[in-house]
Amino acid sequence: MPLNLTVNGQKLVVDAAPETPLLWVIREHLGLTGTKFSCGMAQCGACTLHVDGDAVRSCVFPASAAEGKSITTIEGLSRDGTHPVQVAWKELDVPQCGYCQSGMIMTVVAFLKKNPNPSDKDIDEGVTNACRCATYHRVRKAIHLTASSSARKGASS
Ligand code: FES
Ligand code: FES
């Protein structure tokens, strides 16, 4: 049975078994390789993307569970890399090797939607992605920078 998926605003029909992890549909069938594979066990967050705005670890998320929902990958987060989280990431040079960073950014975008002014403790509890380059300090700073920039914009609009 083909799967009917909406990815980055595009309606697509994909010939894959329903239990195929969404990560493989995104990477192998659709060629969107910004979403990464690492642990394959919902532990590291490298494969994080959004389903109806929620961050999901796509290596363990059956593609059929995303039918009828809106899937967003790092490629669809913004047209030109100007999502406020991406802007903060660039300003603070967050990535080192970069491998974990698309999953990190997708996690942070969903996290900030639910918690627009987080404390360090909130960040530690809510952003649990692994980074082998240990960019955690800069990730935290960039989250605070995004939160304060968004608050300033909100106050001036
Ligand atoms: S690859 Fe999915 S959580 Fe690690
Ligand atoms: S930047 Fe290298 S794994 Fe996170």
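Please read these numbers as outputs of a predicted model, since none were measured by experiment.

Draft legend 1. Here's a closer look at the nonpolar core. Within the largest apolar cluster, 22 residues are counted, with the highest numbers of intra-cluster contacts made by Trp89 and Ile143. Secondary structure elements with two or more residues in this core: α2 (74-77), α3 (84-91), α4 (101-114) and α6 (136-156). At seven residues, the largest contribution of residues to this core is made by α4. If we skip the residues at most four places from it in the chain, Ile143 touches Trp89, Val108, Phe111, Leu112, Pro118, Ile123 and Val127. By size, the runner-up hydrophobic cluster in this structure holds 16 residues, among which are Leu3, Val14, Leu22 and Ala63.

Draft legend 2. Layout of the sheet that holds strand β5 (residues 70-72). With respect to topology, five strands assemble into an open sheet ordered β2-β1-β5-β3-β4, the strand pairing being mixed. With one partner strand each, in any of the chains shown, β2 (10-14) and β4 (54-57) form the two edges of the open sheet. Strand-to-strand twist across the sheet, computed as the mean angle between neighbouring axes with direction ignored, equals 40°. This element, helix α1 (residues 22-29), spans β1 (3-7), β2, β3 (48-51) and β5 of the sheet and lies at about 105° to β3.

Draft legend 3. Looking closely at α6. Its 21 residues give α6 an end-to-end C-alpha distance of 30 Å, which sits within 8% of 30 Å, the value for a rise of 1.5 Å per residue. Burial in α6 covers these residues: Val139, Ala142, Ile143, Leu145, Thr146 and Ala147. Along its buried surface, α6 packs onto α3, α4 and α5 (120-126).

Draft legend 4. Spatial organisation of the environment of Leu5. Position of Leu5 among the secondary structure elements: in strand β1. A relative accessible area of 1% places Leu5 in the buried class. In the structure, Leu5 is positioned 65 residues away from Ser70 in sequence and 7.7 Å away in space, judged by C-alpha atoms. Once residues lying within four places of it in the same chain are set aside, the contact partners of Leu5 are Gln10, Lys11, Leu12, Val14, Val25, Ala63, Ala66, Glu67 and Ile71.

Draft legend 5. Molecular detail of α3. Among the residues of α3, those classed as buried are Val85, Gln86, Ala88 and Trp89. Along the axis of α3, the buried residues cluster in a sector spanning 160°; they form a single face. More than 90 degrees from the buried face of α3, the exposed residues found are Lys90 and Glu91. Turning to α3, the residues buried within the fold contact α2, α4 and α6. Among the residues trailing α3, Asp93 stands out with phi positive, at a value near 50°.

Draft legend 6. Just the packing of aromatic side chains, in detail. Enumeration over the complete set of coordinates arrives at one aromatic pair. Measuring from centroid to centroid gives 5.1 Å for Trp24 and Phe37, while their planes differ by 50°, and the two rings are tilted. Placement of Trp24 in helix α1 and of Phe37 in the loop between α1 and β3 is noted, with a sequence separation of 13 residues between them. Residue classification places Trp24 among the partly exposed residues on the basis of a relative accessible area of 27%. For Phe37, a relative accessible area of 36% translates into the label partly exposed.

Draft legend 7. View of the environment of His137. In this structure, His137 sits in helix α6. As a C-alpha pair, His137 and Val94 span 43 residues in sequence and 8.8 Å in three-dimensional space.

Draft legend 8. A look at the pairing of β1. Counting buried positions along β1 gives four out of five residues, so the element sits mostly inside the fold. Sheet topology places β1 next to β2; five bridges connect them, and they run antiparallel. Across the sheet, Leu3 pairs through a bridge with Val14, a residue of β2. The antiparallel hairpin formed by β1 and β2 contains two residues in its connecting segment, where Asn8 sits at a positive phi of about 50°. Relative to β5, β1 is paired through two bridges, and the arrangement is parallel. By the bridge assignment for β5, Thr6 is matched with Ser70.

Cut-offs used in this document
- Residues numbered from 1 in each chain as written.
- Chains lettered and ligands numbered in written order.
- Predicted model: local features only at pLDDT ≥ 70, side-chain atom pairs only at ≥ 80, totals over all residues.
- Heavy atoms only, no water.
- Core = buried A, V, L, I, M, F, W, Y, C linked by side-chain atoms within 4.5 Å.
- Buried < 20%, exposed > 50% of the residue type's maximum accessible area, 1.4 Å probe, protein only.
- Helix = DSSP H or I, 4+ residues; strand = E, 2+ residues; numbered from the N terminus.
- Contact = heavy atoms within 4.5 Å.
- Pairing = 2+ DSSP bridges.
- Axes fitted to C-alpha atoms, helices over the stretch in contact; angles between N-to-C directions.
- Expected span 1.5 Å × (residues − 1).
- Arc of directions from axis to C-beta.
- Phe/Tyr/Trp six-rings, centres within 6.5 Å; stacked < 30°, edge-to-face > 60°.

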